[in-house]
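# Breakdown of the fold
Letter by letter, the chains look like this.
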Amino acid sequence: MKKKFRLGPTDVLLVIDMQNGFCAGGALAVLGADEIVPLVNEIAKRFEHVVLTQDWHLERHRSFASAHKGCRPFETVELPYGPQVLWPDHCIRGSQSAAFHPALDIPHAELIVRKGYHPEIDSYSAFFENDRTTRTGLGGYLRERGFVRVFLVGLALDFCVRYSAEDARKLGFDAVILEDACRAIDMDGSLDAARKSFAALGIACVASGSIGAPAARRQSSPTSPGI
Ligand SMILES: [Zn+2]
């Protein structure tokens with residue numbers, strides 16, 4: 001029987017980069033991204049605690065092909081911190097591309113983590129930038145709030161969801177990816193590599209039907225007579 005996850009107060013949902021730039025019509029559109037918005041909204045309702053991430057770049061960001069003479073999007077270059085895929089210009093702060101998908105409806109989200117705002121460093125993960133040492137602060141935030149288990153949905157499964165899940169795990173959280181509420185870029189074997197990494201690190205990758213209703217909240221008032 002497949003494992004069911006019962007949600008409780010130490011669970012948090014991390015919604016990765018559900019922004020126009022990664023959806024239909026966006027510069028870096030992920031195939032099928034728009035389809036998952038209703039499911040992401042529905043899943044978020046099952047969680048008491050939700051955190052959103054938002055890719056948030058300056059113009060001429062080092063991860064943009066346009067910032068490298070003679071380079072094209074999706075080429076890989078060597079930056080001081082290692083190899084970096086070059087992307088089309090996307091999610092420039094304050095732009096329509098950086099805004100959340102208009103149908104994303106998670107008003108109870110408690111925090112929005114912006115990432116990729118350092119001009120020279122990209123950030124796939126919600127926890128560490130691509131130099132793998134600069135922290136976003138999210139790990140400390142989640143720990144301080146007493147969260148134990150991080151569920152992940154969003155874009156893209158084989159990049160920002162992958163790196164966020166891996167770092168959550170490395171920082172000592174349990175990590176569970178709700179795969180039907182993610183979409184992948186799948187470039188040069190990136191999706192296969194992601195799946196291998198999930199298996200190696202003990203990151204669960206399951207359907208969203210695997211999470212049950214939230215555990216009943218403790219009644220703070222006495223039960224009414226007659227019930
Ligand atoms: Zn980006």
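Cut-offs and rules
Residues numbered from 1 in each chain as written. Predicted model: local features only at pLDDT ≥ 70, side-chain atom pairs only at ≥ 80, totals over all residues. Buried ≥ 20, exposed ≤ 12 C-beta atoms within 10 Å, placed from the backbone. Helix = DSSP H or I, 4+ residues; strand = E, 2+ residues; numbered from the N terminus. Pairing = 2+ DSSP bridges. Axes fitted to C-alpha atoms, helices over the stretch in contact; angles between N-to-C directions. Contact = placed C-beta atoms within 7 Å.

So, on to the pairing of strand β2 (residues 11-16). Of all the 6 residues making up β2, 6 are buried; the element is thus mostly covered by neighbouring parts of the structure. Residues Asp11, Leu13 and Val15 of β2 are buried on one face, and the alternating residues Val12, Leu14 and Ile16, pointing to the opposite face, are buried as well. With 3 bridges connecting them, β2 and strand β3 (residues 50-55) associate as parallel partners. Directly across from Val15, in β3, lies its bridge partner Leu52.

Once that is clear, we can look at the sheet that holds β3. With parallel pairing, the 6 strands of this open sheet are ordered in space as β6-β3-β2-β7-β8-β9. For this open sheet the edge positions go to β6 (111-115) and β9 (204-206), each flanked by a neighbour on one side alone. Averaged over neighbouring strand pairs, the angle between their axes works out to 25° when direction is ignored. By the bridge criterion, 6 bridges tie β2 to strand β7 (residues 149-155) in an arrangement that is parallel. Residue Val12 lies in a different strand from β7, and its bridge partner there is Val150. Along the sheet face, helix α3 (residues 157-170) touches β2, β7 and β8 (174-183) and points at about 170° away from the line of β8.

Within the element layout of this structure, Asn130 appears in the loop between β6 and α2 (138-144). For Asn130, a count of 23 C-beta atoms within 10 Å puts it in the buried group.

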